[in-house]
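Understanding the architecture of this molecule
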Amino acid sequence: MNSFDAFKDPALCRALLARLTEEAVRPLRFMEVCGTHTVAIFQSGLRALLPPTITHVTGPGCPVCVTHESEVACFLDLAGRDDVVLATFGDLMRVPGPKGRNLKTAKADGARVEVVYSPVDALAVAEANPGRTVVFLGVGFETTAPAVAATIRLAREKNLRNFRVLSFHKLVPPALEALLSDPDINVDAFVLPGHVSAVIGAAPYAFVAEKHRVPAVIAGFEPLDILSALRDIVAMREAQAPAVKNGYTRVVSDAGNPVARAVMDEVFAPADALWRGLGSIPRSGLVIREEFADFDAMRLPGVSLVESPPLPGCRCGEVLKGKMAPDQCPLFDKACTPATPVGPCMVSTEGGCAAYHKYRLDL
Amino acid sequence: MCLAVPMEITAINEKVADVEIGGVTRQVRLDLIDAAPAVGDFVIVHAGFAIRRLDREDALETIKLFQEGLNLELI
Ligand code: SF4
């Protein structure tokens, strides 16, 4: 067994789970804020095995899902322009906007939309389309933003004048602050996202324990990582000693990745941003700095965020805040299924509604 | 979309590395990594960039701590 596979070891998992079940005497609602954790908790079967005292709540950890209605309307408009090619991660293709339109239907109607695996691939699209502006759709958290920033620097090095980024990136710690400041949100602890933390480190979460007295653990994505994070949370709660612990030290250094952060900070500056369900959160987004203005799609003439209403009937906003479980939404598995998604939480494979739907036999 | 996967480096050419996992190969950029990786290292890959090197020794240490904490035999 190699050193990484051991994190899936069934014997060790069973032993940890037995220990956790003994220790978790008081009810505990924990929230994860990472789509990969959402999927991992369901896929590994862990959700069904957790002790009855422990409740898993999924939060605003899916970047596609938290992209605001008006941001979706904005990129759909941009895709419709004759002089624009939109390059995007595949997850955004089916996110519904006003009147049920999405990038797939836009493409069927003649819009130029290219799915890329990496923002760097969008540079090749720009090189192949010299007569058009190629706009990369910048959606993602701190894991993704440095990659997009590095791509903008590459575009400048290559003197690519027809490449731009529509930056709708979002930052995790300000969203946690917004959740914790909402008196209606009932969460006892956080499992923190491993790969966001690989970039930002542990320090930006300090307020979770210091100001709000809520324990939190940075965790990896294997069953052992998640079980061990939950044991740490239970121990901190019992000792009434909330802290932010790093349980994913094989990838995350407490200081994060300063090189990635420097690239991100060189290109982007924090700004207020809109989140689906959570509304405007101070300094929770990233805009392109003045020095890179020529690469900013938001500064193209005619591009702006206009108010867009929430999707009729969709309760994604409440799902993303952990106020409602997906299967409590009246449309869940009726009007809204993965084949006929009403909201982004059912579209994205990392969305809470999609995970509930796919694994509901385990519930 | 936030998915980031560990892949093994098979070749390095300045800022670009070839990586492989389970027969899948890719090229990734090394612009963001904070410690120069070597061939044979595992890196976490996200959106075409390597974001961190995986620390094999730390992984073994963590597993050992789990086992000791549970009084289990070493694997
Ligand atoms: S089940 Fe569908 S309609 Fe309901 S909250 Fe989820 S995505 Fe929205």
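Everything that follows concerns the structure shown earlier in this document.
This report concerns the structure included in the present document.

Definitions and cut-offs
Residues numbered from 1 in each chain as written. Chains lettered and ligands numbered in written order. Predicted model: local features only at pLDDT ≥ 70, side-chain atom pairs only at ≥ 80, totals over all residues. Heavy atoms only, no water. Phe/Tyr/Trp six-rings, centres within 6.5 Å; stacked < 30°, edge-to-face > 60°. Helix = DSSP H or I, 4+ residues; strand = E, 2+ residues; numbered from the N terminus. Buried < 20%, exposed > 50% of the residue type's maximum accessible area, 1.4 Å probe, protein only. Contact = heavy atoms within 4.5 Å. Buried area = accessible area lost by both parts, 1.4 Å probe. Salt bridge = Lys/Arg side-chain N within 4 Å of Asp/Glu carboxyl O. Polar contact = N/O pair within 3.5 Å; in protein donor to acceptor, adjacent residues only side chain to side chain. Nonpolar A, V, L, I, M, F, W, Y, C, P; charged D, E, K, R; others polar. Near = heavy atom within 4 Å. 1 Å grid on protein atoms, 1.4 Å probe; cavity = no way out; pocket = protein on both sides within 12 Å on 5 of 7 lines; lining within 4 Å. Sits in = over half its atoms within 2 Å of the grid points.

**Describing the packing of aromatic side chains**
What characterises a pair of aromatic rings is the spacing of the ring centres plus the angle enclosed by the ring planes. Residue and element names in this part refer to chain A. All told, the structure shown has 5 aromatic pairs over all chains when counted by the stated rule. Arranged with centres 5.8 Å apart and planes meeting at 20°, the rings of F42 and Y359 form a pair that is stacked. Linking F42 in helix α2 (residues 35-43) with Y359 in the segment after α16 (352-358), this pair joins segments that are 317 residues apart in sequence. Taken together, a centroid distance of 6.2 Å and an interplanar angle of 20° make the contact between F141 and W275 stacked. Taken together, the residues span a long stretch of sequence, with F141 in the loop between β5 (133-138) and α8 (145-157) and W275 in strand β10 (residues 268-275) at a distance of 134 residues. Accessibility expressed as a relative area gives 1% for W275, which makes it buried.

**Quick look at the interface of chain B and chain A**
Across the contact, 34 residues belong to chain B and 47 residues belong to chain A. Summing both sides of the interface, chain B and chain A together bury roughly 3,500 Å²; the carbon and sulfur share of this comes to 70%. At the junction of chain B and chain A, the tally comes to 0 salt bridges. Here chain B and chain A share 9 residue pairs in polar contact (both at pLDDT 80 or more) between them. Elements supplying a minimum of two residues to the side of chain B that touches chain A: β3 (24-29), β4 (42-46), β5 (49-53) and α1 (56-69) of chain B. Among the elements that line the side of chain B that touches chain A, the one with the most residues is α1(B), at 9 residues. Across the side of chain B that touches chain A, the residue classes break down as 20 nonpolar, 5 polar and 9 charged.

**A look at the environment of A:K104**
All names here are of chain A. Tracing the sequence through the fold places K104 in helix α6 (residues 103-108). On the basis of relative accessible area, K104 is assigned to the partly exposed category, the value being 49%. Those residues in contact with K104 that sit more than four places away from it in its chain are M93 and R94.

**Quick notes on helix α9 (residues 172-180) of chain A**
Residues and elements named next belong to chain A. Counting buried residues along α9, 7 of its 9 residues qualify, which places the element largely inside the surrounding structure. Of the residues making up α9, those classed as buried are V172, P173, P174, A175, L176, L179 and L180. Packed against the buried residues of α9 are β1 (28-32), β7 (189-193), α10 (194-200), α11 (206-210), β10 and β11 (279-288).

**Some details on the site of the ligand**
Residues and elements named next belong to chain A. Taken together, the residues surrounding the ligand are C314, R315, C316, C329, L331, F332, C336, V342, G343, M346 and C353. Judged by its atoms lying within 2 Å of the grid points, the ligand is housed in the largest cavity. Residue composition of the shell around the ligand, grouped by class: 9 nonpolar, 1 polar and 1 charged.

**What to know about the pattern of salt bridges**
The full count for this structure, using the stated rule, is 20 salt bridges over all chains. Taking the shortest distance from any N to any O, the salt bridge between A:K245 and A:D232 comes out at 3.2 Å. With a gap of 13 residues between them, A:K245 in strand β9 (residues 244-246) and A:D232 in helix α12 (residues 223-238) connect regions that are remote in the sequence. Salt-bridge contacts for B:R29 lead to B:D31; the nearest nitrogen and oxygen are separated by 2.7 Å. Through salt bridges with shared partners, a single ionic network connects A:D182, A:D184 and A:K323.

**Overview of the side chain of A:S348**
Residue and element names in this part refer to chain A. Within the secondary structure, S348 sits in the loop between α15 (344-347) and α16. A residue is classified by how much of its surface remains accessible, and S348, at 2% relative accessible area, is buried. Look past the residues within four positions of S348 in its chain and what remains in contact with it is C62, V64, C65 and A354.

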